[in-house]
Amino acid sequence: MNANPDRPSEQRPAPAPPTPAAGFAIPQHQPKDGRQGVPVPSRVRVHHLRAMKERGEPLTMLTAYDTVTARIFDEAGIDLLLVGDSIGDNMLGHPSTIPVTVDEMIPAVRAVSRGTTRAMVVADLPFGSYEASPAQAHATAVRMMKEGGAHAVKFEGGAHLAEHVRLLARSGIPVVGHLGFTPQAENMLGGKRVQGRGNEAAETLMSDAMALQDAGAVAVVLEMVPRPVAARATEILAIPTIGIGAGAECDGQVLVWTDMAGMTSWSPRFAPHFGEVGAALYAATREYAAAVRERTFPRPEHSYEE
């Protein structure tokens, strides 16, 4: 963390009660959103995604892995919450997303689903759980929907997975595609590298995006794609594009929440810190530990009498 571990503990006044601006009060969703006067859905659904694209209203998406953060993001107005296999290298201590299993994903999907009232919950299908066949993808997606409570699933790959998308769409399972840098294929791609550079690679990406759309995908994530390529894909697709390191022309943006909130000292160039939550948590923990050691906590008002 950026915090200095040797700095002295500072006494803070008791925090004020949280306010709606702090993101903790349960909002009363009214029939207009204060931005464009358009209806605010009680739950974001597939048809809302296209409607927002048509209005030019950017979609907001963050990852979430537990009920507490999911509830905060939901109340803050995030449209889609992605329970990503990024749980592997952000929460479970894995070096990448590849070791993540379906059995590790489902409790997280269930927790996020229980913490939301408005956001669409999208669950990643982890590596090895869908590639072999449309039937394998269907079986895994059904678990995410039935056991996890997800509203949609996401998996990585282009035209070669069109039949997977088609089967899920026919079964009533919304699919979000993922093109560009696909973390599950990191070993084939030679590491975390920008994808879609050069005419041939760009045309392949466009073809893959169209194949996913034609098969029934409801949106597509574009990760680490050159900005002009992502802009062109956004222009030709009827379904929304959601960018991560793909420029401002995409129909929406997604970030891993720990990057967005400044929970780590390093994050990718496309993920600026919108807060310094990690430093704040570090400071609060130091203060708590000092209060316990100095016996200034708990005070009488924190205890019960007979």
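Everything numeric here is computed off the predicted structure, so don't read it as measured data.

**Notes on the sheet that holds strand β8 (residues 252-255)**
- With parallel pairing, eight strands are arranged side by side around a closed barrel as β1-β2-β3-β4-β5-β6-β7-β8. In this sheet, adjacent strand axes meet at a mean angle of 25° when their direction is disregarded.
- One ladder, built from four bridges, connects strand β1 (residues 59-63) with β8; its direction is parallel. When the sheet's bridge partners are listed, T60 is paired in β8 with Q253.

**A look at the confidence of the model for the protein chain**
- When pLDDT is averaged along the protein chain, the result is 90, and 87% of the positions lie at 70 or above.
- Residue range residues 1-37 is modelled with pLDDT below 50. Its contacts to residues more than four positions away, or to other chains, number 45 contacts.

**Description of the side chain of Q184**
- Position of Q184 relative to the elements: it lies in the loop between β5 (175-180) and α7 (186-189).
- Within the structure, the side chain of Q184 is placed 2.6 Å from the side chain of D85, a separation counted as a polar contact.
- Every residue in contact with Q184, bar those within four places of it in the chain, is listed here: D85, T97, I98, L125, P126, F127, Y130, E131 and E156.

**Notes on a nonpolar patch on the surface**
- Judged by side-chain polarity, Y288, V292 and F297 come together as a nonpolar surface patch covering roughly 290 Å² of accessible area.
- Looking at the element boundaries, Y288 is found in helix α11 (residues 277-293).

**Side note on the environment of Q195**
- With respect to the helices and strands, Q195 occurs in the loop between α7 and α8 (199-215).
- Look at Q195 and you get buried, because its relative accessible area is 18%.
- Put simply, Q195 and T182 are 13 residues apart on the chain and 9.0 Å apart in space, counted from C-alpha to C-alpha.
- Among all residues touching Q195, those that are not within four sequence positions of it are G180, F181, L189, M224, V225 and P226.
- A distance of 3.0 Å separates a polar atom in the side chain of Q195 from the backbone oxygen of R193.

**What about the pattern of salt bridges?**
- Scanning all chains against the criterion turns up 10 salt bridges.
- A salt bridge links R118 to D79, with the nearest nitrogen and oxygen atoms 3.1 Å apart. Of the two residues, R118 sits in the loop between α4 (102-114) and β3 (120-124) while D79 sits in the loop between α2 (67-75) and β2 (80-83), which places them 39 residues apart along the sequence.
- For D79, a relative accessible area of 1% corresponds to the buried category.
- A salt bridge links K154 to D124, with the shortest nitrogen-to-oxygen separation between them at 2.8 Å. Residue K154 is found in strand β4 (residues 152-154), and its partner D124 is found in strand β3; the two are separated by 30 residues along the sequence.
- The network of salt bridges with shared partners includes D103, R143 and E147.

**With respect to α8**
- Helix length check: α8, at 17 residues, gives a terminal C-alpha distance of 24 Å against a target of 24 Å (1.5 Å per residue), a fit within 8%.
- Along α8, the residues that are buried comprise A202, L205, M206, D208, A209, A211, L212, Q213 and A215.
- Buried positions along α8 lie against α6 (162-170), β5, β6 (219-223) and α9 (227-236).
- The first or second residue beyond α8 is G216, which carries a positive phi of 120°.

**A few points about the environment of R50**
- Locating R50 in the fold gives a position in helix α1 (residues 46-55).
- Each C-alpha atom of the pair R50 and P240 lies 6.4 Å from the other, and the pair is 190 residues apart in sequence.
- With near-sequence residues (within four places) excluded, R50 lies in contact with A238, I239 and P240.

What counts and what doesn't
- Residues numbered from 1 in each chain as written.
- Predicted model: local features only at pLDDT ≥ 70, side-chain atom pairs only at ≥ 80, totals over all residues.
- Heavy atoms only, no water.
- Pairing = 2+ DSSP bridges.
- Helix = DSSP H or I, 4+ residues; strand = E, 2+ residues; numbered from the N terminus.
- Axes fitted to C-alpha atoms, helices over the stretch in contact; angles between N-to-C directions.
- pLDDT = per-residue confidence, 0-100.
- Contact = heavy atoms within 4.5 Å.
- Polar contact = N/O pair within 3.5 Å; in protein donor to acceptor, adjacent residues only side chain to side chain.
- Patch = residues over 30% accessible without salt bridge, like charges linked within 9 Å, V, L, I, M, F, W, Y side chains within 5 Å.
- Areas by Shrake-Rupley, 256 points an atom, 1.4 Å probe, with all protein chains shown as cover.
- Salt bridge = Lys/Arg side-chain N within 4 Å of Asp/Glu carboxyl O.
- Buried < 20%, exposed > 50% of the residue type's maximum accessible area, 1.4 Å probe, protein only.
- Expected span 1.5 Å × (residues − 1).

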